[in-house]
2 protein chains.
Amino acid sequence: MALSLADYAKEREELISLDRALRADHRREPLSPTEVLADKVIRDVRMAEASSIWTAEYPSIPHPFPGMEFLTGRSVIVQTKLFEILIQMPKGALLHAHLDATVNVPFLLDLALKQPAIHVRSPVPLDSSNLKSTLPEFQALPQHVAENVISLTDAQYEPNTWVPIKQARETFGTKLGGPEGFDQWVTGALTIDPSEAYGTHNTVTKIWQKFLSTFRVSNPIIRYVPIFKEYVREFLKSSIADGISYVEPRVNFVYKGIIAADGTHLPHRELLLIFDQVLNEIKRDMKQQGREDDFIGARIIYSTVRFITPDELYWFLEDCIALKKEFPHLIAAFDLVGDENVSHPLKYYAEPLLKFHEMQKKAGVDEIPFIFHAGETLGDGTEADMNLYDAILLGTKRIGHGFSLIKHPKLIEMCKEREIAVEVCPISNEILRLTSSMHMHPLPALLNHGVRVALCSDDPAVFGSMGLTYDFFQVLAASEITGIIQLGEMAKDSIKFSTLDPPEKQRALDAWKVRWEKFLKYAVSTGTEYIWEE
Amino acid sequence: MALSLADYAKEREELISLDRALRADHRREPLSPTEVLADKVIRDVRMAEASSIWTAEYPSIPHPFPGMEFLTGRSVIVQTKLFEILIQMPKGALLHAHLDATVNVPFLLDLALKQPAIHVRSPVPLDSSNLKSTLPEFQALPQHVAENVISLTDAQYEPNTWVPIKQARETFGTKLGGPEGFDQWVTGALTIDPSEAYGTHNTVTKIWQKFLSTFRVSNPIIRYVPIFKEYVREFLKSSIADGISYVEPRVNFVYKGIIAADGTHLPHRELLLIFDQVLNEIKRDMKQQGREDDFIGARIIYSTVRFITPDELYWFLEDCIALKKEFPHLIAAFDLVGDENVSHPLKYYAEPLLKFHEMQKKAGVDEIPFIFHAGETLGDGTEADMNLYDAILLGTKRIGHGFSLIKHPKLIEMCKEREIAVEVCPISNEILRLTSSMHMHPLPALLNHGVRVALCSDDPAVFGSMGLTYDFFQVLAASEITGIIQLGEMAKDSIKFSTLDPPEKQRALDAWKVRWEKFLKYAVSTGTEYIWEE
């Protein structure tokens, strides 16, 4: 006898449930009535827009679709109701972002223009033929260095002569767009544009060259103390404005110091003092506004780079321990950064990394965990892919990216057993050419296999994806399974898998839940007109 | 005490072994000395070429790399030693290919030109502005239909007038390239070119429109009996030449018949009679050459399309059963084909499909298994993705494509328990825009999760990827883990998971092993100069 249709339908439902049983949105307690309703409303908004705004014709977008390449699709994303709703979502913690790339470029440029010490130079007089390929170089210098200098765009400009930034901007040649042309030139050097990501630099290797060059350009500006203070303030304020209530930025300590207003080099502890001061000011402000629950705080993941020698790494491990001793509340973890595909693998540093805990014990500090970047690669068995083995064996608390984790059944099992969450950076992975669109991203597979995930922005200033709303949008837009409930679970997990102390963590979770309920009600009310009755 | 470096290295090796334990190349018996050596030689060839031929500059290839987009990279692939070696590899069985797209276009065009019955027409007089966007339409017609007609490229050409193909070619306007211009026009209509796959049609939806149009153009040629015979012969001969020893093509029976030389429509059984006759001729030829072990045979997967109604499906199920009764040795399985993203899901056909086995029993035929296309999609929870649930619940013997299977932990488990192999079509998936390059393909993840895989070509005539060598190449080129041993295991699995009877299967496996040893020795001898000593 053939199975009846009804029995088949039942068997099918059971199989789907079994298959999805490991997902965070299936493992949780039953949904509240508000959650049920908001989930439906947001799915209906998504469905309505998939066949309206995403099927319209756009002169500059040959193939629009939800979850498409971010740099091309951004202008459509910001017009959607889905995006409008997600802006209001409480995002939880931001667990993976490089501090140097967290403040939007117009704001940073504005900060630089206000500082007479900031100078700029070019290796050639700029003209229309070399503008796009020439990077500006910035530096904080005593003001008397540059007097009576001519425009960067003047044919007589002496290569590599420093010009005060304001003067450089004001005298920027009208043929190259005048002051706005200057802004565009600098912005182009600090961000990735679609023609680079999807055309000229359309491989992982090439886009990383462009990507790293943005840091070389911005670094001397950001690490100038009068700017650094305002930079950190803006990072925290804009994160709060996006619904992020806690941040754990990676700070790259390979630069041995920051530059004071008087030009002297200050050691790493001064950076932390400034960070702490701004952080406390923001917390005080939030408290004064009665919003202390909207921002729990910030801690730093001490990072250095993957092109030093193992011997050099000892210096950074000691430096990290010393900073942890002085700022136990600020140092959250240790990491190594850089393009895994071309830099040293974790294995290369095994000896110093294996000794890190002993070094800490000797110094009498609290344990500093590793939170390693690993598997940010398309490689299958390459050193970058194999970094996942080392990250986990070395006891990483979370995995930065873990793009290739889906290839590793045993490691997936270990991540679940050891409660290692993955910091998934959807837009970063796409712009850095690991995936062509969200639809090819391994995130849905990781979620279904039960891996815990926190969505992260990585380098939002370079990608033009400020906050976490864009990343949440891309994930939501590209799936029929993931709804607002799964996004909520990932937001919760970002708090759960942070390095916050248990009481702070609980406070953050409690505060998040209050905001979540409020958000769901807002979503329902603003999305009512989209409700689709079957 | 920190772990010693030696202990760490040991722990690491053990973890890697555990993580890879489910792979076919790890589960098998120990390698023979020849296998060890050939594996190394081929890895060394791959490594040498990754940093030589793949890093050279090519005017027409902006970003060359091993495993890159096939249509752009093909001209480099054919220059590699790796490709030269793989041509000689015994590929096992071809389990997923649509018969209509298995013979290369120049050969098909040549067959058509030899048949005076074949006519061609165009909906407009062709000129340089409409050539690329206008499809030729072919038909076998009595010869007297078209007399004294003018060129398709003549401004006076009466739209939709039939012209004998030979005359159409000879009179093709010199401005449009003359006879070669005609060949290019037809070839363009029967194949996908890089500018379409990676430019104008760079989404799954758009490329499927182009893809399906190639079948509409070629079908009336292929289904003309005098051509069909030669077509089947060429399919089998070229498969044998590529090292394939058994084929299980899908034949689309939605076309109710084939066209005899006299213009009459012949029913499905005539198609099978011809297929059988050609098959027997080839087998006899092979035997005469003493090569009977190089070709075990061919069986057909009866297919119809996913846009019919469930009621209409009954007719095809009955038709399939009737053909199975008459040709038990030829009908291997039943399938439904078409773009899963836009056609009816398997669930829509649940009622007839659930009854199929009972219908077979009633008719007294051997059991015809389902071998369904499922999950050939980027969707996450779309109907196409959900087809995987139905395919498995309905008892599919293998899964065609299963591109989205990696998202389904429970289904992966069931595939392993129930020994359901996946027919993975690497080049097809890439050209049809499911993945941008082999590096983003889920195959490595499936292999590591222990899913059994047969590599397949799908529609090699449309993709210009004749045989299986190109697909094997792409898989080998894009991984550091997969070597020739894993390719060998997939070749073996293609035989194991075929529908061959146990004795035939054993014979095929035994014959494959003899050829495998011979191939490995060839690989070692031809690749010796590439051996890299550490």
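As annotated in an unreviewed UniProt entry, chain A carries the name adenosine deaminase and comes from Dendrothele bispora. For the record of chain A, the UniProt heading Cofactor (unreviewed entry) holds the text "Zn(2+)". Regarding chain A, the relevant UniProt record gives this comment under Subcellular location (unreviewed entry): "Secreted".

**Details of a positive patch on the surface**
Positive charge collects at one region of the surface, where Arg27, Lys416, Lys496 and Lys513 of chain A lie side by side. Here Lys416 of chain A lies in helix H16 (residues 409-417).

**Topic: the interface of chain B and chain A**
Chain B puts 60 residues into the contact, and the matching count from chain A is 60 residues. At the boundary of chain B with chain A, total buried surface from both sides reaches about 5,200 Å², with 62% on carbon and sulfur atoms. The tally of links between chain B and chain A comes to 2 salt bridges. The tally of links between chain B and chain A comes to 27 residue pairs in polar contact (both at pLDDT 80 or more). Counting only elements with at least two residues in the side of chain B that touches chain A, the list comes to helix H1 (5-20), helix H9 (194-200), helix H14 (350-363), helix H15 (383-393), helix H16 (409-417) and helix H18 (443-448) of chain B. With 9 residues, the single largest contributor to the side of chain B that touches chain A is H1 of chain B.

**Comments concerning the pairing of strand E13 (residues 398-401) of chain A**
Put simply, side chains in a regular strand alternate between the two faces of the sheet. Residues and elements named next belong to chain A. Alignment of strand E12 (residues 372-374) against E13, held across 3 bridges, turns out to be parallel. Along E13, the bridge assignment pairs Ala374 with His401. This β-α-β element, E12 to helix H15 (residues 383-393) to E13, shows right-handed connectivity. Judged from the 3 bridges that link them, E13 and strand E14 (residues 421-424) form a sheet pairing that is parallel. Across the sheet, Ile399 pairs through a bridge with Val422, a residue of E14. Between E13 and its parallel partner E14, the chain crosses via H16, and the hand of that crossover is right-handed.

**Description of the relation of the copies chain B and chain A**
The operation relating chain B to chain A is a screw motion whose rotation component is 180°, with 0.0 Å of axial translation and a residual RMSD of 0.0 Å. With respect to symmetry, the two chain copies, as superposed, fit the operation of a two-fold axis. Considering only C-alpha atoms, the part of chain B nearest the rotation axis is Ser436 of chain B, at 3.3 Å. When the interface residues of chain B are mapped onto chain A, 100% of them are again interface residues, pointing to one common binding face.

**A closer look at the sheet that holds E13 of chain A**
Residues and elements named next belong to chain A. Across the sheet, 4 strands lie side by side as E12-E13-E14-E15; this open sheet has parallel pairing. Looking at the sheet topology across the chains shown, the edges are occupied by E12 and strand E15 (453-455). On average, each strand axis in the sheet is inclined to that of its neighbour by 30°, with strand direction left out of account. H15 contacts E12 and E13 of the sheet and is inclined by roughly 155° relative to E12.

**Considerations on helix H21 (residues 484-496) of chain B**
In an α-helix, one turn spans 3.6 residues; hence positions three or four apart end up facing the same way. Residue and element names in this part refer to chain B. Compared with the 18 Å implied by 1.5 Å per residue over 13 residues, the 18 Å span of H21 between its first and last C-alpha is a close match. Within H21, 12 of the 13 residues are buried, which leaves the element mostly enclosed by the surrounding structure. Restricting attention to buried positions, one finds in H21 the residues Ile484, Ile485, Gln486, Leu487, Gly488, Glu489, Met490, Ala491, Lys492, Asp493, Ser494 and Ile495.

**Considering the packing of helix H8 (residues 178-190) of chain A against helix H10 (residues 204-222) of chain A**
All names here are of chain A. Between H8 and H10, the least distance of the axes is 7 Å, while the angle of their chain directions is 125°. With respect to H10, the element H8 is oriented oblique. Of the residues in H10, those touching H8 at Gly188, Ala189 and Leu190 are Lys210, Ser213, Thr214, Val217 and Ser218. Residues belonging to the contact of H8 with H10 are distributed by class as follows: 3 nonpolar, 4 polar and 1 charged.

Reading the values: rules and limits
Residues numbered from 1 in each chain as written. Chains lettered and ligands numbered in written order. Predicted model: local features only at pLDDT ≥ 70, side-chain atom pairs only at ≥ 80, totals over all residues. Heavy atoms only, no water. UniProt positions renumbered as here; feature names shortened; annotations may be inferred. Patch = residues over 30% accessible without salt bridge, like charges linked within 9 Å, V, L, I, M, F, W, Y side chains within 5 Å. Areas by Shrake-Rupley, 256 points an atom, 1.4 Å probe, with all protein chains shown as cover. Salt bridge = Lys/Arg side-chain N within 4 Å of Asp/Glu carboxyl O. Lys, Arg positive; Asp, Glu negative; His and termini not counted. Charge placed at Lys NZ, Arg CZ, Asp CG, Glu CD. Helix = DSSP H or I, 4+ residues; strand = E, 2+ residues; numbered from the N terminus. Contact = heavy atoms within 4.5 Å. Buried area = accessible area lost by both parts, 1.4 Å probe. Polar contact = N/O pair within 3.5 Å; in protein donor to acceptor, adjacent residues only side chain to side chain. Pairing = 2+ DSSP bridges. Right-handed = clockwise from strand over helix to strand, strands pointing away. Least-squares fit on C-alpha atoms with pLDDT ≥ 70 in both. Axes fitted to C-alpha atoms, helices over the stretch in contact; angles between N-to-C directions. Expected span 1.5 Å × (residues − 1). Buried < 20%, exposed > 50% of the residue type's maximum accessible area, 1.4 Å probe, protein only. Parallel < 35°, antiparallel > 145°, perpendicular 65-115°, else oblique. Nonpolar A, V, L, I, M, F, W, Y, C, P; charged D, E, K, R; others polar.

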